[in-house]
Amino acid sequence: MRVAIIGGTGHIGSFLTPRLWSANHTIICVSRGLKEPYQQHPAWKAIKRVEIDRTAAEAAGNFGESIAKLNAEVVIDLTCYRLESAKQLVEALRGRVKHLLHCGTIWVHGPSVEVPTTEAAPRTAFGDYGTRKAAIEAYLLSATIPVTILHPGHLVGPGWAPVNPAGNFNPEIFSLLLQGRQVNLPNIGMETVHHVHADDVAQCFVRAVEQRSSALGESFHVVSPAALTLRGYAERVSAWYGKVAQLQLLPWEEWRQQVTEREAAVTWDHIAHSPNCSIAKARTLLGYDPRYSSLEAVRESLEWLIEHGMVHTS
Ligand SMILES: NC(=O)c1ccc[n+]([C@@H]2O[C@H](COP(=O)([O-])OP(=O)(O)OC[C@H]3O[C@@H](n4cnc5c(N)ncnc54)[C@H](OP(=O)(O)O)[C@@H]3O)[C@@H](O)[C@H]2O)c1
């Protein structure tokens, strides 16, 4: 297949581009050429790179046409955040591609009713990002174009900090846990986060490309096999380094006073969603078989953070 990947050098793209290239597809990677991939691989020298600034090209009204002119049979869109962006791409690609794959997010779901949440759950997105992604999903599924949507959880991989046991991105939380020092958690620590290794997301995209007939017209969650409670996550991280987690559970209003406004907002976003998503559909229809549990993915990332001096064991 001739595959164009929009945003093929980011968290997901760093794993997806090499996987598709290794599976003998012809790859055209579209980006601004600013970001270095997170993973070294011979694929980066072998694939075609096309530099387009999507924001500027969309404003000029020619982004969709620029992608259509690449003559790809498959387009994977990893950087679509606005309904207008999706519309411009679809209008240009309709009738000219065999398969459009869009990267969504589990934030298309709001508060859960039954868990694990399935793809069939009514969309109750809240917040700007989730609401926009839910609108894009609804549009794409009715847009008379061969489409598949994958909804990843919190991306994890070596090279960046994962969502931590306090539900934000401050790597200091990991240092405190590894050193057996006190960590404050909000409420009773039973809210959840649902990570996924970026390479498992890449695996699922490859399966969706290669099993097009099972994937067409469908949305799939792409997460690890099980979500984590904040408290359980913290306890396991400390245990890896022979420590017992020293957790202090604080009511939300008290907890939020102890952190920056930004950290409080990010934590609130995670705990208000408390995602716990099912992967049964992707397993059954696509054969998705994640290599990493949430904890295995985080551990790999944590080792990278320690090696690069961003988390300290003493
Ligand atoms: N991050 C998460 O935890 C998470 C969770 C769930 C879902 N998602 C979804 O996953 C998708 C991909 O996220 P990601 O975290 O892999 O992205 P990312 O790491 O930020 O990568 C973005 C990619 O797009 C390119 N890019 C950025 N701005 C561009 C522009 N204006 N024009 C052209 N290319 C541009 C970047 O390269 P250049 O900078 O070189 O242009 C890079 O290749 C998104 O749809 C997001 O909603 C993410």
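Below, the structure is looked at part by part. Remember, predicted model here, so these are calculated numbers, not experimental data.

1. Quick look at the overall build of the protein chain
Within the protein chain, the regular secondary structure consists of 14 helices and 13 strands. Relative to the compact-globule value of 20 Å for 314 residues, the protein chain shows a C-alpha radius of gyration of 20 Å, a close match. Overall, the C-alpha framework of the protein chain stretches about 60 × 40 × 40 Å when taken along its three principal axes. Of all 314 residues assigned to the protein chain, the portion counted as buried reaches 46%.

2. Quick notes on the nonpolar core
By size, the foremost hydrophobic cluster in this structure holds 83 residues, and its most contacted members are I5, L150, V201, C204 and F205. Contact partners of F205, with chain neighbours within four places excluded, come to L16, I76, L101 and L150.

3. Concerning the site of the ligand
Around the ligand, a shell composed of 23 residues is seen, among which G7, G10, H11, R32 and R54 lie nearest. Of all the elements in the fold, those that place two or more residues in the shell around the ligand are α3 (54–59) and β7 (154–156). Here the residues of the shell around the ligand are counted per class, giving seven nonpolar, 12 polar and four charged.

4. Looking at the pairing of strand β6 (residues 147–152)
In terms of burial, β6 is largely enclosed, as six of its six residues are buried. Of the two faces of β6, the one lined by V147, I149 and H151 and the one lined by T148, L150 and P152 are each fully buried. When strand β5 (residues 99–103) meets β6, the two strands line up parallel, connected through four bridges. Residue L100 lies in a different strand from β6, and its bridge partner there is V147. Pairing of β6 with strand β11 (residues 218–222) involves five bridges; the strand directions are parallel. Bridging from a neighbouring strand, H151 pairs with H221 of β11.

5. What to know about helix α14 (residues 294–307)
With 14 residues, α14 ought to run about 20 Å at 1.5 Å a step, and its terminal C-alpha atoms sit 20 Å apart, in line with that. Those residues of α14 not exposed but buried are S294, A297, V298, S301, L302 and L305. Looking straight down α14, one finds its buried side chains confined to an arc of 130°; they lie on one side. Here the buried face of α14 lies against β7, α7 (172–178), β10 (195–197) and β12 (228–229).

6. Quick notes on the environment of T313
Its location among the elements puts T313 in the segment after α14. In sequence terms T313 and F63 are 250 residues apart; their C-alpha atoms lie 47 Å from each other.

7. So, unusual backbone geometry
In this model, V115 is joined to P116 through a cis peptide bond whose omega is -5°. Examined against the element boundaries, P116 turns out to sit in the loop between β5 and α6 (128–141). Look at N24: it is not a glycine, yet its phi comes out positive at around 70°. Counting through the fold element by element, N24 comes out in the loop between α1 (13–22) and β2 (26–31). Even without being glycine, S274 reaches a positive phi, approximately 35°. Mapped onto the elements of the fold, S274 is located in the loop between α12 (261–273) and α13 (280–286).

8. Things to note about helix α5 (residues 83–93)
Along α5, the positions that sit buried rather than exposed are S85, A86, Q88, L89, V90 and L93. Just beyond α5, the residue with positive phi is G95, at close to 80°.

9. Digging into the environment of G64
By secondary structure assignment, the location of G64 is in helix α4 (residues 63–68). Residue class for G64 comes out buried when judged on the 21 C-beta atoms lying within 10 Å of it. When the C-alpha atoms of G64 and R54 are compared, they prove to be 9.2 Å apart, with 10 residues separating the residues in sequence. In this view, G64 contacts Q88, L89, E91, A92 and L93; residues no more than four positions away in its chain are not counted.

10. Overview of the packing of α5 against α6
Contact pair α5 / α6: the axes reach a minimum separation of 9 Å and the direction vectors enclose 25°. For the element pair α5 / α6, the angle class is roughly parallel. By crossing handedness, the relation of α5 to α6 is classed as right-handed. Contact with α5, carried on its side by L83, A86 and K87, involves R132, A135, I136, Y139 and L140 of α6 and no other residues of that element. Broken down by class, the residue content of the contact of α5 with α6 amounts to six nonpolar, no polar and two charged.

Parameters and conventions
Residues numbered from 1 in each chain as written. Predicted model: local features only at pLDDT ≥ 70, side-chain atom pairs only at ≥ 80, totals over all residues. Helix = DSSP H or I, 4+ residues; strand = E, 2+ residues; numbered from the N terminus. Rg over C-alpha atoms; globule rule 2.2 N^0.38 Å. Buried ≥ 20, exposed ≤ 12 C-beta atoms within 10 Å, placed from the backbone. Core = buried A, V, L, I, M, F, W, Y, C linked by C-beta atoms within 7 Å. Contact = placed C-beta atoms within 7 Å. Near = placed C-beta within 6 Å. Nonpolar A, V, L, I, M, F, W, Y, C, P; charged D, E, K, R; others polar. Pairing = 2+ DSSP bridges. Expected span 1.5 Å × (residues − 1). Arc of directions from axis to C-beta. Axes fitted to C-alpha atoms, helices over the stretch in contact; angles between N-to-C directions. Parallel < 35°, antiparallel > 145°, perpendicular 65-115°, else oblique. Left-handed = near helix turned anticlockwise from the far one by under 90°.

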